[in-house]
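Okay, here's what each chain looks like letter by letter:
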Amino acid sequence: MTDPNPKPLLAVDGLTLQYRTRDSIVTATYRVSFDVFTSDRYVILGPSGCGKSTLLKAVGGYIRPVEGSITLAGAQISKPGPDRVLVFQEFDQLLPWKTVRENVLFALVASGRLKGREAAERADHYIAKVNLTGFADSYPHMLSGGMKQRVAIARGMAMEPQILLMDEPFAALDALTRGKMQEELLQLWDETKVTLLFVTHSIPEAVRIGNRILLLTPHPGRAKAELGSTGTDLVGPDGLTLSARIDSLLFDRHPTARSNAHG
Ligand SMILES: Nc1ncnc2c1ncn2[C@@H]1O[C@H](COP(=O)(O)OP(=O)(O)OP(=O)(O)O)[C@@H](O)[C@H]1O
């Protein structure tokens, strides 16, 4: 029987995050709360500067909250750990002097996750999962942007973290490649059911990737609404697509039935 009240894997409660510079304090997020359950594809969506990246860094353990708490499987997050892996937007997140296989292996071995043959087998397994077996001995400069992002995803997945944190991983790709990468990520999720926390400012991407979507207000980010998504942009009983509903909530616009939002 399934538990009617499952405990969240990740619980973010009343989170206020700030940057303190020499002469000012910037509040990035204000009292944001949300829960992520095992195997969720949880998307944080909001305009540029609303604190999405800052939130992800706090879940990664790189920023301490000034207020509120973050717990993973019931334990307070206080520092970075191999149970949370970040995939960034930038193509330069790989080590340029290491091959694809060495990049994936390095993370596994340096974190103490695995060593020797086990590490090599795990690395090859995830390189195959992102369809890069034929490029395992290539260096990053020999790969396209999309291929580099696949390596970053394989490296993150190989760590078998409790949650994979993705900060606009496809934002720097052309539209066709971006669509293909979204499809591949969903396939990978189908095979692994990895829990995703995915940040984007694109409404169509949020609708495509997420099973649950948290909308943040413009700076400083506050939780505005949480929506469930089927992963497709179906028209609801009110005649609105999910994109149109999100658009109206994010920008306080009057929704138009069957209108399409662009992100
Ligand atoms: N290192 C920093 N020092 C001071 N302020 C910062 C720093 N990093 C971010 N900020 C500020 O914190 C706020 C939130 O930034 P953040 O990068 O988290 O937003 P975002 O929603 O991820 O934006 P984008 O979609 O453009 O990446 C912004 O006002 C930003 O200027």
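Structural data are supplied above this passage.
Residues numbered from 1 in each chain as written. Predicted model: local features only at pLDDT ≥ 70, side-chain atom pairs only at ≥ 80, totals over all residues. Heavy atoms only, no water.

## So, unusual backbone geometry
- Of note, the bond from H219 into P220 is cis; its omega dihedral lies within 30 degrees of zero at -10 degrees.
- Along the chain, the position of P220 falls in the loop between β9 (212-216) and β10 (223-228).
- The phi dihedral of S39 falls on the positive side, at around 70 degrees, and the residue is not glycine.
- You can see S39 is positioned in the loop between β2 (25-36) and β3 (41-45).
- Its relative accessible area of 22% is what places S39 among the partly exposed residues.
- Here the phi dihedral of K193 falls at roughly 55 degrees; this positive angle occurs in a residue that is not glycine.
- Within the fold, K193 resides in the loop between α5 (175-192) and β8 (196-200). (Helix = DSSP H or I, 4+ residues; strand = E, 2+ residues; numbered from the N terminus. Buried < 20%, exposed > 50% of the residue type's maximum accessible area, 1.4 Å probe, protein only.)

## As for the side chain of E184
- Assignment of secondary structure puts E184 in helix α5.
- Setting aside its immediate chain neighbours within four residues, E184 contacts N131 and R150. (Contact = heavy atoms within 4.5 Å.)

## Focus: the site of the ligand
- Residues in close proximity to the ligand total 14 residues, the closest being S48, G49, K52, S53 and T54.
- Residue S48 places a side-chain N or O atom 2.5 Å away from an oxygen atom belonging to the ligand.
- When isolated, the ligand has an accessible area of 640 Å², and the protein chains bury 63% of it.
- Listing elements by their share of the shell around the ligand, those giving two or more residues are β2 and α1 (52-60).
- The leading source of residues in the shell around the ligand is α1, at 3 residues.
- Split by residue class, the shell around the ligand holds 5 nonpolar, 7 polar and 2 charged. (Near = heavy atom within 4 Å. Polar contact = N/O pair within 3.5 Å; in protein donor to acceptor, adjacent residues only side chain to side chain. Areas by Shrake-Rupley, 256 points an atom, 1.4 Å probe, with all protein chains shown as cover. Nonpolar A, V, L, I, M, F, W, Y, C, P; charged D, E, K, R; others polar.)

## Describing the sheet that holds strand β5 (residues 75-76)
- The strand order across the open sheet built from 4 strands is β2-β1-β4-β5, with neighbouring strands paired in antiparallel fashion. The strands lining the two open edges of the sheet, one partner per strand, are β2 and β5.
- Where strand β4 (residues 67-72) meets β5, 2 bridges bridge the pair, whose relative direction is antiparallel. By the bridge assignment for β5, T71 is matched with Q76.
- Across the sheet, α1 is in contact with β1 (10-20), β2 and β4; its angle to β1 comes to roughly 115 degrees. (Pairing = 2+ DSSP bridges. Axes fitted to C-alpha atoms, helices over the stretch in contact; angles between N-to-C directions.)

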